[in-house]
Every structure is written in structure tokens, then in C-alpha cells.
Amino acid sequence: MVLLPTVDNVLYNVQRQGKISFYMTSYGEEATIIGSAAVLAPDDEVLGQYREMGVLLWRGFGIDGIMAQCFGNLEDKSGKGRQMPMHFGSPAHHFHTISSPLATQIPQAAGVGYALRRDPARRHKNVACVYFGEGAASEGDFHAGMLLASTISCPTIFLARNNGFAISTPAHEQYAGDGIAARGPGYGVDTVRVDGNDILAVMNAVAEARRRCLASGRAVLVEAMTYRVGHHSTSDDSFAYRGRQEVENKKKIDNPITRFRLFMESRGWWNDQEEDALKSRLKKDVLTALRKAESLKRSDLRDLFTDVYAGEEPWNLREQREELAGLIRKYGEAWQPWQSELKRFRDEGKEVVD
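Quick caveat, the model's predicted, so the values are computed rather than measured.

Some points on the pattern of salt bridges
- Taken as a whole and judged by the stated rule, the model has 32 salt bridges.
- Notably, a salt bridge pairs D190 with R212, separated by 3.2 Å at the nearest N-O pair. Residue D190 is found in strand β7 (residues 190-195), and its partner R212 is found in helix α7 (residues 199-216); the two are separated by 22 residues along the sequence.
- Judged by relative accessible area, D190 falls into the partly exposed class, the value being 37%.
- The shortest N-O distance in the salt bridge between E265 and R261 comes to 3.1 Å. With a gap of four residues between them, E265 and R261 both fall in helix α9 (residues 256-266), about one helical turn apart.

Examining helix α1 (residues 3-16)
- When the terminal C-alpha atoms of α1 are compared, their 20 Å separation across 14 residues agrees well with the 20 Å that a helix rising 1.5 Å per residue should span.
- Taken across its 14 residues, α1 has ten buried, putting it largely inside the fold.
- L4, P5, T6, V7, D8, V10, L11, Y12, V14 and Q15 are the residues of α1 that are buried.
- On the buried face of α1, the contacting elements are α2 (30-39), α3 (53-58), α4 (63-71), α9 and α10 (272-295).
- Trailing α1 by a residue or two, G18 shows a phi angle of about 85°, which is positive.

What counts and how
- Residues numbered from 1 in each chain as written.
- Predicted model: local features only at pLDDT ≥ 70, side-chain atom pairs only at ≥ 80, totals over all residues.
- Heavy atoms only, no water.
- Salt bridge = Lys/Arg side-chain N within 4 Å of Asp/Glu carboxyl O.
- Helix = DSSP H or I, 4+ residues; strand = E, 2+ residues; numbered from the N terminus.
- Buried < 20%, exposed > 50% of the residue type's maximum accessible area, 1.4 Å probe, protein only.
- Expected span 1.5 Å × (residues − 1).
- Contact = heavy atoms within 4.5 Å.

Structure, rendered in C-alpha cells:
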């Protein structure tokens, strides 16, 4: 749980330096993300929104994997540098690739749960877990996913991170009802609301949700009440629509990491020396991974045209590839900006021309 904000701190500043194009932090929501990840099976299928990097870290994706995806270098296993930062995906870690359009993963998760129930090898063994914010629950896809999961019986956990804001729209302007949990009974779906800043409460709630999914083959809705301390993304200035003091108060009064640390200290399981040592080690690990990611080239430029279609290359992709090859021949050795950019790719564009 401490690693997540450590990575956030470094990559947020890296984006501000112009080294990556975009970033989203998980400040304030660490307990919801890590607590839920801790009680899912490693091979449960996860469909994230865009603050679920912690799930991948919990499952062993590694800091190097995070850096590679955000920098889009040749070690990026999520998309070979073709996705924008924070759009992770890893079949090996049962983490479905993140999409930018809001809420698309919710009906997909109902389908994934249905597929698991139909598979004899995974029936009563695995669940699908889909993460989304309360803003995404205002989309039609939320209702489509809930209806599908409730009528065809899908072992899917719908985990709503109610962090108080849909970008700049506060929760009280998003709905007139009692949050997201109030919608579950209308679909006949077992529902629980939990303190999303209490990691132990989150673990208990999600563990019980998973148990019910497996036992009944039906969906469960979990609403984790938390608070988005950070800006929505690096494209947002949240102090334009909320007070700075409000955020500072939340950081001091209801910080999920501080709460768990104080609990551990009260039991004699943790102390200041261990805390300092952990933070120092994690920061060193993150900075080491950062330096490595910065030093690596991007994947081959030709990968821009691969991995989408099986079989023969479609005419439209072939036409685009040939157009790019013509531009490389024209400017690749004659214009310095093109020379510099091509050198950032492993194949320097030569495989496109060949």
C-alpha cells in the first residue's frame, strides 16, 4: 500500500517534466485498491477503470512493468507503446486491458463472469471483478452490465470506488439517491457498502462478495466509500472546483495508509524505524526502475501496424504503412527532427521501409 503512492509521486513529477504524456494517481484510494486485490485469487479476472495499477503491483506485474508501459518502451508488454500511460493490460496477470471510454468494462465484466460460469474448469473457482468510479455508474453501461449479470447469473463483483468526484462533478450533483449501493437491490443483486479507507473492512467485504459469487454464481455489488485526494489526472486542477483546505483535512483525518499504520503500531507490529526503512527502500526501487525505463528505446516502429488482424495484412493498413515508409525515405535522413525521433525506436524505422 505504501508502494502505490511512491510510484505515484515519482511518475506524477515525471509527467510534469514532460517525459511522459499523462498520469493518474491513486492518492486516498489505496485501501480500496490494495485491500480488494489482496482477497481476490491471482487468476480471478480483473477489469479496471484507470486507478487500479495497485492490483497489478499486488499480482507481481512489477515496477519495471509499470514504468515500461508509461514510457512506452520496448519492454512494454501491455501494448508495445501504442497505449497512452496508465492503460495497462496483462493476460499473464488476468488483467484486461484498460480502455479510455468510460464504463465500457462494466458490461464486459458481466460477460466475463458468464464465460467463467460456463467453463467447467473455472466454474465455482474464479470470479470477474470490475472496478469503476461513481461517475461511471451514471453511464448506461453500468445499468446494462448490472441487468445482464442479474438476469443470466454471472459471478461478477461490481466494485464501485465512490471517491466523491466524477472529474469535477461532486457526488451530490451526480445522483439524488443514496449512492451506488441503493441501486443493487433493484436488480436483485446482493450489495454491501464499506468504508473504502479501512483496508481490513475492504478485505472482509470483498472476500464475502467473492464467496457469494462462487457459491451462488451470481453478481455482488460493493460500494467502497473513499475520497480522491489527488487531482483527477495530470490534465486537471481540482482546486478550481474544491477547496484546498478540504483536501488537506481529508489527508490528515482519513488517510487510509495512516489509519492502517496506526493500527499496526497499536498492536506493536510496526514502528517509525521500520516505516522510514520501507519508504527509503521503495523510493530507491522506484527510481532505479525509472532510470532503466528512461534508458530504453521504444518498440519497433513497424509494430504500429501489427497485432490487430490475423492473416494477411488488410489493404488499409498496408496503404498507411507504405505512406509512412515514403515519408521516412523523404525526411528520415534529410531532416533533423525526423532523424532524432526515428532513433528513439529499436528498429529506427528501417523495418517499415524494408
